[in-house]
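So you can see what is in the structure, the chains are spelled out below.
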Amino acid sequence: MKNYIKHDEWKIVEEGFHPEYNRITESLLSIGNGRSGQRANFEEKYSGDSLQGTYIAGVYYPDKTRVGWWKNGYPEYFAKILNAANWIGVNVVVKGEELDLAKCKILSFHRELDMKNGLLSRSVVVQMRRGKQVEINSKRFLSLARQDVGAICYSLKALNFSGKVSLEPFIDGDVINEDSNYDEKFWIEKEKAARGNEGFVCMQTKKTGFLVCTGMSNRFRLNGQETENQPVTSIREKYIALKSEFKLNEGDEICLEKYVVNISSLYYSKNKLTEISENSLKQAVAKGFDKLFAEHQLMWANRW
């Protein structure tokens, strides 16, 4: 295999995009905090080869083994760690064209995992099919200080155009496990709600009955200044999206701060998950991205 990863004392660095190794890179740059873990998937759509994965510690399913009953010594069931709701997703549309890195010309690309500070970051400049050039910068972490909390700072800069850009952060619980039998799905929706810039999707596992409530709250900054937005809500089974549209001039940058909680019945009472999710999310938003990261960074410093 090509040695495409740069050597660094504390970081795993991919300089330049290598789509043929993308699944490997997604694994190498995974983040986690002991309560949940996540592969290094892109936030925006990527129609190329990828394995989406978010996992909640202790949430499993007794799935039938694929090896067959005739294999002596193999168990009939094994404990499958389930793919949980995709909370990082952001649908991006630039002047009517969907942003999909698999369909863009990539002009520059840098993706890295900073293991000292527990931070996944990415910087990419692309040219879309109709000639528009955008710069994407993203940072995200799973908080070591608040183990139910994750946060993303995702920015888009208009390099050579002016026009409308929409950002649509979402929670998608309609997920699959690639190794499932007959594409079986393992989650049942129990509850969902959307209010302004907040959305919640609560789901329960089949058989094992684990409940997980995933909530998001979104804030936007235009050229560094917080800006008002009126999101349009899209809802379907196990899915909530909140789309906001902005008018960018050439050189403008819009930044989405997406705060997320994953509250599991492994640690909290089932009948209080929604209430706890709302309170945890409010606390995270009040803290803000930079302060959340600072306390997370301090925890990693103490651990190292």
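Residues numbered from 1 in each chain as written. Predicted model: local features only at pLDDT ≥ 70, side-chain atom pairs only at ≥ 80, totals over all residues. Heavy atoms only, no water.

1. Digging into the sheet that holds strand β5 (residues 54-64)
Then comes step 1: With antiparallel pairing, the four strands of this open sheet are ordered in space as β3-β4-β5-β6. Among the strands making up the open sheet, the edge pair consists of β3 (31-32) and β6 (77-83).
Then comes step 2: Sheet topology note: the strand β4 (residues 36-38)/β5 ladder contains three bridges and is antiparallel. Counted as the bridge partner of Gln38 is Thr54 from β5. (Pairing = 2+ DSSP bridges. Helix = DSSP H or I, 4+ residues; strand = E, 2+ residues; numbered from the N terminus.)

2. Focus: the layout of surface pockets
Using a probe with the size of a water molecule, rolled over the atoms, empty space left in the structure can be pinpointed.
Then comes step 1: As a volume, the largest pocket reaches approximately 600 Å³.
Then comes step 2: Breaking the lining of the largest pocket down by element, the ones donating at least two residues are β7 (90-94) and β13 (163-172).
Then comes step 3: For the lining of the largest pocket, the per-class residue count stands at nine nonpolar, nine polar and eight charged. (1 Å grid on protein atoms, 1.4 Å probe; cavity = no way out; pocket = protein on both sides within 12 Å on 5 of 7 lines; lining within 4 Å. Points joined across faces, edges and corners; volume = space filled by probe spheres on them. Nonpolar A, V, L, I, M, F, W, Y, C, P; charged D, E, K, R; others polar.)

3. Considerations on the pairing of strand β16 (residues 211-222)
Then comes step 1: In terms of burial, β16 is a largely internal element, nine of the twelve residues being buried.
Then comes step 2: Across seven bridges, the pairing between strand β15 (residues 198-205) and β16 is antiparallel. Considered in β16, the bridge of Cys202 is made with Cys213.
Then comes step 3: Here β15 folds back onto β16 in antiparallel fashion, the turn holding five residues, of which Lys207 has a positive phi close to 65 degrees.
Then comes step 4: Here β16 runs beside strand β17 (residues 225-226); their pairing, made up of two bridges, is antiparallel. Each bridged residue has a counterpart across the sheet, and for Arg221 the counterpart in β17 is Glu226.
Then comes step 5: Count of turn residues in the β16/β17 antiparallel hairpin: two residues, of which Asn223 carries a positive phi of about 50 degrees. (Buried < 20%, exposed > 50% of the residue type's maximum accessible area, 1.4 Å probe, protein only.)

All quantities given are derived from atomic positions and should not be read as evidence of function.
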